[in-house]
Structures are given as structure tokens and as C-alpha cells.
2 protein chains.
Amino acid sequence: MKFLHTADWHIGRTLNGYSLLDEQEHTFKQILQIAKDEKVDGVVIAGDIYDRAVPNPEAVTALDKMLREINLENKIPIYAISGNHDSAQRLNYGREWMEHTSFFLNTLLSEAFKPIETADVQIFLLPFFDPLDARVYYKNHGMDEDEAKKITTIGTAMQLVVNDMVKLFDPNKKHLLVTHFAVSANQNDDLELTSETTSQVGGLATVTSDQFKDFDYVMLGHIHTRFASPSDNIRYSGSPVKFNIKEARIKNNGKGVDIVTIDKTGVSHEFKPLTPKTDLIVLEEDWQTLCNPDFYKKQPINKAWFEITIQNFDRSEHVQTNIRSELQKRYGTIVELDYQVDKSDADLQTMTTNINEISPEETVDQFFQTITGKELSNSQKSLVSTIFNEVEREKK
Amino acid sequence: MKFLHTADWHIGRTLNGYSLLDEQEHTFKQILQIAKDEKVDGVVIAGDIYDRAVPNPEAVTALDKMLREINLENKIPIYAISGNHDSAQRLNYGREWMEHTSFFLNTLLSEAFKPIETADVQIFLLPFFDPLDARVYYKNHGMDEDEAKKITTIGTAMQLVVNDMVKLFDPNKKHLLVTHFAVSANQNDDLELTSETTSQVGGLATVTSDQFKDFDYVMLGHIHTRFASPSDNIRYSGSPVKFNIKEARIKNNGKGVDIVTIDKTGVSHEFKPLTPKTDLIVLEEDWQTLCNPDFYKKQPINKAWFEITIQNFDRSEHVQTNIRSELQKRYGTIVELDYQVDKSDADLQTMTTNINEISPEETVDQFFQTITGKELSNSQKSLVSTIFNEVEREKK
């Protein structure tokens, strides 16, 4: 069987107020074309389909159209799960009708233990969940209350879930897992996350690739670059669209989908690149260079979005200048403008860090440091983590 | 063909903070049982399925289950439309998958011109829309821009819509319309609205029953009591649940669904009552009576919800008393507590009117009168109306 693996569409997302819907529709068309050209047996969407628990109406309409084009117009099965950005309950609406046309969508942990059976492959769709979801699920399925209370990390929860899945394995088939977590290559790895989500909240980063050793292939969502894949058969497809400055810095774009072939002889994957409609370009130069025609005329002026950081910037020299306006005249759309200030002014530098790129916990930690000069203690960090976990839950 | 006609479920609604979901599930079970007992060919839900544009996750899950029970478990077709409380775009999600099992749901005006064809009946599903929606629709369908601008009232818009539907009539079939508006019996009628919605905003009340004369039967939603039906074949089913004090005052409950039989020989309808799980009882008595065991022991204490208005109430006599607590000891759950104050204190009385029972426009009007002593002028009223219209649109 041949699958197209994609994830982290984040429909409804904006970049500093600029809608990414056009960009998302542009890459979607390419994804659909690849699925048709490759004659895949299914499109896998590994979570974070929407950007938020309550997407705006335009996002709902846009996603409905995309899913219809794949599943109803082109009769291609869909295998999808919810991610941490999606509301499990909201996205669950209508799923039983969708199954009639082989559109499978799991959003609740309890739905993950019924693999979809194809001739050669068992497909396990495991949506994002947190330790509390696992505690509730296992308590409802006969686990002793005291035992269930021990499920405090996602690593522990995942092991229970995987063990239960392995029990369902048909030895005559290959086993495919689709899920949505930060997975590190082994227990000691420090994973550099490019997902902007609260991925470290609640110990999410403690899922390790060895936990998935019984599966023939694992299709992951959550981290937005495929370069974070922990192994050759446990892979992130990455998001189809660049969402922030960190992703824009990756030189060869790197955006695309994987075509994964799974049959009795084995498993292979092939990367298919996607091209953006409007590229996102990072420039980090001093003011003189940025204003120099020899420099800016080499850029794709008015055809890309620019994220510009002005280096060695001295505000006192530019009191009379409307910096943004001057740069827009030369480059077109500037979705982000930053100033690299004097290194010695450490406090100010901390404050100007783009908070979109760090987790909420880190933001609190940095703020605390700026104000008090001390780091958060471990118990304070734990408290902050608990609070953000609860906030995340309530948003859904 | 035999249809069950219901409307105005308002899933997710609360009554002064008390969730009505239990009550809604209780009446839903009866509706499903009636549909099965009567072996209906379809369940019609005439709008305001949800209570709000963005229902909470519990409401989404509850509705999904109800619709599944009707359509997937019991294989009964559903014919549904969105009302003014629903978000047309949000509720539209997934509708094309649902059509595969004869679950038809229209939420956009543009979807209303493709009747569902059965052997004997053409079913037109016309969701709630406003004059601006009609203007956009007709402009997109070739109407001259100046002509389209003349569509300023719902009455004008409805006439265009009905004319276009009549063109699609198959003379060999009966014609059923399902829609969601305040419809008065004729152009001069002053309709007493029991819907709490902004039903008069934008001139909605100007749809008249004579506009529907070409249809054999019209199933309406929007007004919550069937007693508001403008004629014998243009009927409101009413909501299955009592939502407010006005509805609670109706003596014989009056809640139910209609079984409508339509075939070549003609049309007939039969009322099937629904019984509440927890009744909503209005008491309007003086303090002495309310505290008298001879009175309160005759009430269904602890089995109903009470809305109590204390008549001839003099606050100065009860400074030391926790009124609500004293009444709860005797009656159980009190979802609303009001005081009927001295008639001469007109200003205060105006201020204590339950604003849930009047339209936003009336609220502004009353407030203006209280403060200035004058009524709003017609141009001021028109401005207020425009503003609320825009607010309603933005909420969706």
C-alpha cells in the first residue's frame, strides 16, 4: 500500500496578523496532485489539522473543501487524527458519517484501539492525548484507581497504549502508527523543537522512539520540520507551510510530504517537495546593507514575505526615520521587523525575543529572570507547567 | 410520506446558568421513540439546532450523538436547516458526507434551490438568511447591482426566493417548505413573538403567510410555541423544551412535535406531546403565601424548577432575610427570582424587567426612555437595528 504522509496543516493560522490561508490552499493543491499522480491508497494527516480549538468560520469552510476534494471528489481514503491544537470533541463531529467513504478520523484516545484493517496493513490512528486522558481511559477500562493515578507522564501513558496496541497485532500484516507527539531518538536526547506549541508542558517531550519499536512505520505530526525525525521509519512529514522565522531560516525550504510504501516485503519512503506561493525570507543585515540597491535588488521584491532583523541597530541614529515604511518601499510585505540591539543591553534583548518562538513556560521563566534576576525553582516550574496544562485543557 | 416536524432544539442552552442538556436529552429520547413508533420517512429539524454560533464541546458531542441515533442507528432520513442561532458556516461542515445516508442539512441560501426529490414530495430546505445574504446571492446569480441593492427587507428577499422555488415545482408532486423565520398570518398582523432572539432586527417579522401560498405545507422554526402558527398548513412545531418564563406560563405545556402526512390525496398533521423531565413552574405570589405550607406543599417540591416572582414586595421588611435561601429550603431549585415592586416606582420596574425576554432593540429603547424620558425616533431605531444586525453577523 502507498500512503501520502502530511501533518500540521494548522488551517486558520496567521503570521503576525497575515492570513496563511492562501498559502495553505496553494500547498494543498500540490498535495492533492501528488496523491493523484502517485495513486496513493490513502492520505494520512497526523494532527494539528486546525490551528486552534475554535477555528474561525473561514478555516472551517476551507478545511471542509480540502477534505471533500480528497475523499469525495477523488475517492481517496483519509486517515487522520487530532493534534494538540485541535479540539478533540469539536473535530469529532460527524466522523461516523465520514467513515462511510473511508475517511477515518480519531480524536479520542478510546478510538485508537480499533485498527483500520487493510489487506496488508493494520493502521493505528492515535490522536494527541495527555496523561490525564490516559488516566481516565484506563480507569474506565478496569484499571485500579491507585494504579491509574501513577500515570503522570506521557512516556508512561504511551507505553500502556502501545502495549495494548501490540496485543491487537495481526502477525500476517504490517503495522502502521499515526500519532502526534514530540518523539526523541532515545531517552537521553535533547530534542530541539521547532513546533511552537506548548510541547514541553506536561512532560510531552519524554516519548522516545524506542517505545515504537514494534511498529513497521510511524507517521508523526507535531514538529514542523521533517529534519527532526528520530529514525528512518519513525518520521515527521513536517508542515506544508512555513509558520515562523525559525522554519524560514532552513535553507533548502525542506517543506513537503512523504510517499510511504508498505507491503509484505518491507517499507520505504520518498520525499516529495512542496513549493510555497509566497516564500518567507529572513534577512539579518545592518541598516546600510538593507538600504543598498545592490543588496535588495537581488531579493524577490514584492514576491516574498520578509522577516527582517536589523543588526547593530542604534535607535538614536534613526529618530526621524519610519523604519518599517522605508523597508516596505524597498521589499514589499514585511511580516516581522526586529532590531538586534547592543549585546551588552541584556535585559532589553531578553524582552525583545520573539515570544512566538518559545514555549509559554519559557516565557514565564524569562520574565521572572528579567524582573528578579533569579531562575524559577523546580517547584515553581512545576506549578507553571500545571497551570498551562489546565489552560490548554480548558481551551478545548 | 410521513414526517416528524421539530425545531429550535437550542442544544447548549442554559437557563440562568442551569444547563438544559439533561432536559434536551430527555425530550430527544421521546422524539426518537415517536419517529420509530410512527415509522416516519424523515425527521425535520427546522433550525436553531444549536443555541449559539460557537456551541461548547459538550453541546457538539451531544448533538452528534442525537443525529447519529436518528440517522445511522435507526436509518431515518434527516431534513434540517440552520436557524439564526446557528453559525451557517460552522454547521455546514461535513454535510456532503452526511448526504450519503440521507441526512440533508442546508445552511446557506445558495443550497436551498435544489429540492430533495422523493416519490411524492419535493422538499425545499431554506435556512435562515438575512437580506444581505439574499443581495449577495442574487448579485452572484446575474442580478443587476442596482436591482440587488433594493433587497433591503426579508419580505422582499423571501418573495424572490419563493418565486425561484416555484419555478422548480414538479406539478406531479406535493411541495414542502422547511424554513426558519417569524411568519405572521397576514401583512397587518402584529405577531407576539415568544422567541427570545433578535427576531425583529432587520425587519424579520415582515415575512407573511400569504408568501407561502404555493406550498402544500410549511414547517417552521424560530418561534418556540406552536400556538403562534399562522395557519393550518404553515406551522411552528415549537421547541421541545421550555426555555423561559414566558413559555413556562403556557398552561397545558404545549410542547411536542407534529406528525405530518403528505401524499397525493392531501396533507394532515397530528400533534404528539412531549413531557419534560423537570418541569418549569412559574409562581407569582406574595411573600406570605409563598411561605405558607398549605401553598407550597401542593407544589412538586424538589421535582421541578421554579421561577418565582414575589408580589407586592417591600424590601424594607426583609432586610435581615436571605430570600433566595428561604425559598430554596421550601421549593428546591429556583432558577429565577424576581420581585414585583411598587407599581408607582416606574423607573425601577423598567430596570428590573427580565432583559432575556425582550429583544436587544427593545432593551436599548427602554434604557433610552428611562434615562431621557423620550422614545427613540424612527431614525434612531433604524440605526440601532442596523448595529445589532452587524453584531449578529460578526458573531457567526
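Residues numbered from 1 in each chain as written. Chains lettered and ligands numbered in written order. Predicted model: local features only at pLDDT ≥ 70, side-chain atom pairs only at ≥ 80, totals over all residues. Heavy atoms only, no water.

Before going further, it helps to examine the overall build of chain A. Broken down by element type, chain A carries 14 helices and 18 strands. Burial statistics for chain A: of 396 residues in total, 53% are counted as buried. Relative to all contacts within chain A whose residues are 6 or more apart in sequence, the contacts with residues 24 or more apart total 70%. Looking at chain A as shown, the accessible area adds up to about 18000 Å², and 48% of this sits on carbon and sulfur atoms. (Helix = DSSP H or I, 4+ residues; strand = E, 2+ residues; numbered from the N terminus. Buried < 20%, exposed > 50% of the residue type's maximum accessible area, 1.4 Å probe, protein only. Contact = heavy atoms within 4.5 Å. Areas by Shrake-Rupley, 256 points an atom, 1.4 Å probe, with all protein chains shown as cover.)

Counting from both sides, the interface comprises 27 residues of chain A and, opposite them, 27 residues of chain B. Taking both partners together, chain A and chain B bury about 2500 Å²; carbon and sulfur atoms supply 64% of that area. Ranking the residues of chain A by area buried against chain B places Arg90(A), Tyr93(A) and Trp97(A) at the top, with a combined share of 36%. Counting across the chain A and chain B interface gives 2 salt bridges. Residue Arg68(A) is joined to Glu96(B) by a salt bridge in which the shortest nitrogen-to-oxygen separation is 3.5 Å. The interface formed by chain A and chain B includes 10 residue pairs in polar contact (both at pLDDT 80 or more). Of the residues forming the side of chain A that touches chain B, the biggest block, 10 residues, is contributed by helix H2 (residues 57-73) of chain A. For the side of chain A that touches chain B, the residue count by class is 13 nonpolar, 8 polar and 6 charged. (Buried area = accessible area lost by both parts, 1.4 Å probe. Salt bridge = Lys/Arg side-chain N within 4 Å of Asp/Glu carboxyl O. Polar contact = N/O pair within 3.5 Å; in protein donor to acceptor, adjacent residues only side chain to side chain. Nonpolar A, V, L, I, M, F, W, Y, C, P; charged D, E, K, R; others polar.)

Residue and element names in this part refer to chain A. Every buried residue of helix H11 (residues 323-331) is listed here: Ile323, Leu327, Arg330 and Tyr331. Across the axial projection of H11, the buried residues extend over an arc of 80°, all falling on one side. Looking at the buried residues of H11, the elements they touch are strand S16 (280-286), helix H9 (287-290), helix H10 (293-296), strand S17 (305-311) and strand S18 (334-339). (Arc of directions from axis to C-beta.)

What follows deals with the relation of the copies chain A and chain B. The relation between the two copies of this chain is a rotation about an axis and a shift parallel to it. In the superposition of chain A on chain B (RMSD 0.1 Å, axial shift 0.0 Å), the rotation amounts to 180°. Each copy turns onto its partner about a two-fold axis. Comparing interface residues between copies, 100% of those in chain A also sit at the interface in chain B, which points to an isologous, same-surface contact. (Least-squares fit on C-alpha atoms with pLDDT ≥ 70 in both.)

Let us look at the packing of helix H1 (residues 21-37) of chain B against helix H2 (residues 57-73) of chain B. All names here are of chain B. Two elements in contact, H1 and H2, have axes whose closest approach is 11 Å; the angle formed by their N-to-C orientations is 5°. When the interaxial angle is binned, H1 and H2 end up roughly parallel. Within the contact between the two elements, H1 uses Leu21, Gln24, Glu25, Phe28 and Leu32 and H2 uses Glu58, Ala62, Met66, Glu69 and Ile70. When the residues that make up the contact of H1 with H2 are grouped by side-chain class, the tally is 6 nonpolar, 1 polar and 3 charged. (Axes fitted to C-alpha atoms, helices over the stretch in contact; angles between N-to-C directions. Parallel < 35°, antiparallel > 145°, perpendicular 65-115°, else oblique.)

A few words now on the pairing of strand S5 (residues 78-81) of chain A. Residues and elements named next belong to chain A. Along S5, one buried face is formed by Ile78 and Ala80 and the opposite face, lined by Tyr79 and Ile81, is buried too. Here 4 bridges tie strand S4 (residues 42-46) to S5, and the two strands are oriented parallel to one another. Within S5, the position partnered with isoleucine 45 by the bridge is alanine 80. Following the backbone out of S4, through H2 and into the adjacent parallel S5, one traces a crossover that is right-handed. (Pairing = 2+ DSSP bridges. Right-handed = clockwise from strand over helix to strand, strands pointing away.)

Take the packing of helix H5 (residues 131-140) of chain A against helix H7 (residues 154-167) of chain A next. Residue and element names in this part refer to chain A. H7 packs onto H5 with a crossing angle of 45° between their chain directions and a minimal axis gap of 9 Å. For the element pair H5 / H7, the angle class is oblique. Both H5 and H7 take part in a crossing whose hand is left-handed. Residues Pro131, Ala134 and Tyr138 of H5 lie in contact with H7, whose contacting residues are Ile154, Ala157, Leu160, Val161 and Asp164. A class-by-class count of the residues in the contact of H5 with H7 yields 7 nonpolar, no polar and 1 charged. (Left-handed = near helix turned anticlockwise from the far one by under 90°.)

Moving on, we get to unusual backbone geometry. Of note, the phi angle at Asp8(A) is positive, near 55°, even though the residue is not glycine. In this model, Asn302(B) sits at a positive phi of 65°, which is unusual for a non-glycine residue.

On to the side chain of Ser209(B), then. Looking at where Ser209(B) falls in the secondary structure, it is placed in the loop between strand S11 (207-208) and strand S12 (217-221). If we ignore the near neighbours within four places in the chain, the residues touching Ser209(B) are Val183(B), Ser184(B), Ala185(B), Asn186(B), Pro230(B) and Ile234(B).

This part covers the environment of Ala157(B). Residue and element names in this part refer to chain B. Here alanine 157 is to be found in helix H7 (residues 154-167). Sequence spacing of alanine 157 and aspartate 133 is 24 residues, and the spatial spacing of their C-alpha atoms is 9.1 Å. Setting aside anything within four residues of it in sequence, one finds alanine 157 in contact with Phe129, Ala134 and Ile151.

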